[in-house]
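Take a look at the letters that make up each chain.
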Amino acid sequence: MRIHLPSLPVAVSTVPWETSRQHELRLQLASAGFENVVFHEGFRTAPHWKGVNRNLLHILETHRPPFLLLEDDARFLPAYRPTIDVHPEALVTYLGGTRHGNALDGVGSPVTGLAQSRLPGSKPHLATWHASFDADHVRVFNMQSCHAILFHAEAGVREFRERLAAAVDAQAADVLFAECHRDALVLLRNPPFWYQDDARNANFTCTIV
């Protein structure tokens, strides 16, 4: 299925006090031809991820695919292309990712060609694991990421929504979403189109493989 990304609805997860992030992302998206962009503002909670979860759950409950989910610190990478082909059997397609992952049992054995993507010094059991898929994607099995997700199938929206709703106050969304990867076809655009522009995650999200 061919998708023209600037034609899609874009749901941005943000909070009221991140006005600078919102402004920069709004300018970048407008310069790339995105017009249908809505910023969904969450609430301050302790811990902060509970507010993020509720905001993401609202987005998943009120949007139909195809649509693009971005976080307010998502920024373009040089690999970005406005028109892409998505695999019809993929649950979702990540257009941005990270080298952080859930612990994966049986690392190295369950999938032929399984590889690990991690920076020196990161914990091996908490790194993203992936396998080759095609010229534009890798298949991911445990990746913790929310900053750029293309929802192009009802099944993907439903799976992520139900997983989040069942544990909205128990675990961060990126960890919950990663639990969907092992038993479904979940793809990551390689190289990614967006990275996460904050001090903690920029180096882990610019290059995954």
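The structure under discussion appears in the preceding block.
Each chain carries its own residue numbering, running from 1 in the written order of its sequence. The model is predicted, so local features are restricted to residues of pLDDT at least 70 and side-chain atom pairs to those at 80 or more, both for listing and for counting; the totals for chains, interfaces and linings are taken over all residues. The basis for every side-chain value is the complete set of heavy atoms in the structure, and neither hydrogens nor water enter the calculation.

A. Layout of the overall build of the protein chain. Each helix is a run of DSSP H or I of at least 4 residues and each strand a run of E of at least 2, with the numbering of both proceeding from the N terminus. Along the protein chain, the regular secondary structure elements total five helices and 13 strands. Taken over C-alpha atoms, the radius of gyration is set against a globule rule of 2.2 Å times the number of residues to the power 0.38. Its C-alpha radius of gyration of 16 Å places the protein chain within 12% of the 17 Å reference for a compact globule of 209 residues. With respect to the principal axes defined by its C-alpha atoms, the protein chain has extents near 45 × 40 × 35 Å. Residue contacts are counted whenever heavy atoms from the two residues lie within 4.5 Å of one another. Of the contacts formed within the protein chain by residues at least 6 apart in sequence, a portion of 78% connects residues at least 24 apart. Note on areas: these come from Shrake-Rupley sampling with a 1.4 Å probe, and a residue is covered only by the protein chains present in the view. A total accessible area of about 9700 Å² is found for the protein chain, and carbon and sulfur atoms account for 50% of it. We count Lys and Arg on the positive side and Asp and Glu on the negative side, and we leave His and both chain ends out. Throughout, a charge is located at the NZ atom of Lys, the CZ atom of Arg, the CG atom of Asp or the CD atom of Glu. The averaged location of the 22 negative side-chain charges in the protein chain is 3 Å from the averaged location of its 19 positive side-chain charges.

B. Expanded view of the nonpolar core. Buried residues of nine kinds, namely Ala, Val, Leu, Ile, Met, Phe, Trp, Tyr and Cys, make up a nonpolar core once their side-chain atoms join them within 4.5 Å. Accessible area is worked out with a 1.4 Å probe on protein chains only. A residue is then buried under 20% of its type maximum, exposed over 50%, and partly exposed in between. Leu-60, Tyr-94, Phe-151, Phe-160, Leu-164 and Phe-177 are the most contacted members of the largest nonpolar core, which has 29 residues in total. Secondary-structure elements contributing two or more residues to this core are helix H2 (48-62), strand S4 (67-71), strand S7 (92-94), strand S10 (137-140), strand S11 (148-151), helix H3 (154-166), helix H4 (173-178) and strand S12 (186-189). At four residues, H2 tops the list of elements feeding residues into this core. Ignoring sequence-local partners within four residues, the contact set of Phe-151 consists of Leu-60, Pro-65, Pro-66, Phe-67, Leu-69, Val-92, Gly-156, Val-157 and Phe-160.

C. Representation of the packing of H2 against H3 within the structure. Their axes nearest at 10 Å, the elements H2 and H3 cross at an angle of 145 degrees. Both H2 and H3 take part in a crossing whose hand is left-handed. Across from Asn-53, Leu-56, Leu-57, Leu-60 and Glu-61 in H2, the residues of H3 making contact are Val-157, Phe-160, Arg-161, Leu-164 and Ala-165. Its residues placed into classes, the contact of H2 with H3 shows seven nonpolar, one polar and two charged. Lines fitted to C-alpha atoms define the axes here, with helix axes fitted over just the stretch in contact, and angles between the N-to-C directions of these axes take values from 0 to 180 degrees. Handedness of a helix crossing follows the sense of rotation of the near helix relative to the far helix, less than a right angle counterclockwise being left-handed and clockwise being right-handed. Gly is placed with the polar residues, together with every amino acid not listed as nonpolar (Ala, Val, Leu, Ile, Met, Phe, Trp, Tyr, Cys and Pro) or charged (Asp, Glu, Lys and Arg).

D. Quick look at the pattern of salt bridges. For this document, the term salt bridge refers to a Lys or Arg side-chain nitrogen within 4 Å of an Asp or Glu carboxyl oxygen. Under the counting rule described, the total for this entry stands at ten salt bridges. Among the ionic pairs, Arg-189 bridges to Asp-136, the shortest N-O distance being 3.7 Å. Here Arg-189, found in strand S12, pairs with Asp-136, found in the loop between strand S9 (128-132) and S10; they are 53 residues apart in sequence, far enough to count as distant. Taking the relative accessible area as the measure of exposure, Arg-189 reaches 10% and is therefore buried.

E. Representation of the pairing of S10 in the model. Two strands qualify as a pair provided that DSSP identifies no fewer than 2 bridges between them. By the bridge criterion, three bridges tie S9 to S10 in an arrangement that is antiparallel. Its bridge partner being in S10, Ser-132 is matched across the sheet by Val-138. Linkage of S9 to S10, two consecutive antiparallel strands, is achieved through a turn of four residues.

F. Spotlight on H2. The span one expects for a helix is its residue count, reduced by one, times 1.5 Å. With 15 residues, H2 ought to run about 21 Å at 1.5 Å a step, and its terminal C-alpha atoms sit 22 Å apart, in line with that. All buried positions along H2 are accounted for by Gly-51, Asn-53, Asn-55, Leu-56, Leu-57, Ile-59 and Leu-60. Tucked into the core, H2 has its buried residues touching strand S2 (10-14), strand S3 (37-41), S4, S11, H3 and H4.

G. Spatial organisation of H3. Helix length check: H3 (13 residues) gives 18 Å between terminal C-alpha atoms against 18 Å at 1.5 Å per residue, within 8%. Every buried residue of H3 is listed here: Gly-156, Val-157, Phe-160 and Leu-164. The buried residues of H3 occupy one face: seen down the axis, they fall within an arc of 95 degrees. In this structure, the buried residues of H3 make contact with H2, S4, S7, S11 and H4. Picture the helix axis, draw a direction to every C-beta atom, and the arc is the one those directions span.

H. Structural detail: the environment of Thr-205. The topology assignment puts Thr-205 in helix H5 (residues 202-205). In this structure, the C-alpha to C-alpha distance between Thr-205 and His-100, residues 105 residues apart in sequence, is 8.9 Å. Any pair of nitrogen or oxygen atoms within 3.5 Å is treated as a polar contact; in protein, a donor-acceptor pairing is required on top of that, and neighbouring residues in sequence qualify only through side-chain atoms on both sides. At 3.0 Å, the side chain of Thr-205 and the backbone oxygen of Asn-201 are in polar contact.

I. Fine view of the packing of aromatic side chains. Put simply, two rings from Phe, Tyr or Trp (the six-membered ring, in Trp's case) pair if the centres are within 6.5 Å, and we call them stacked under 30 degrees between planes, edge-to-face over 60, tilted for the rest. Evaluated as defined, the whole model comprises eleven aromatic pairs. Relative to Phe-76, the ring of Phe-34 has its centre 6.5 Å away and its plane inclined at 40 degrees; by these criteria the two rings are tilted. You can see Phe-34 sitting in the loop between helix H1 (19-31) and S3 and its partner Phe-76 sitting in strand S5 (residues 74-76), a full 42 residues away along the chain. Their ring planes at 75 degrees and their centres at 5.5 Å tell us that Tyr-80 and Phe-193 sit as a pair that is edge-to-face. Here Phe-193 lies in the loop between S12 and strand S13 (194-196) and Tyr-80 lies in the loop between S5 and strand S6 (83-85), a separation of 113 residues in the sequence. Judged on exposure class, the residue Tyr-80 and its partner Phe-193 are both buried. Ring-over charges, as used throughout, are those where CZ of Arg or NZ of Lys falls within 6 Å of the ring centre and within 35 degrees of the ring normal. The residue whose ring lies beneath Arg-26 is Phe-39, and the NZ or CZ to ring-centre distance is 4.3 Å. Directly above the aromatic system of Trp-17 lies the positively charged group of Arg-44, at a separation of 3.8 Å from the ring centroid.

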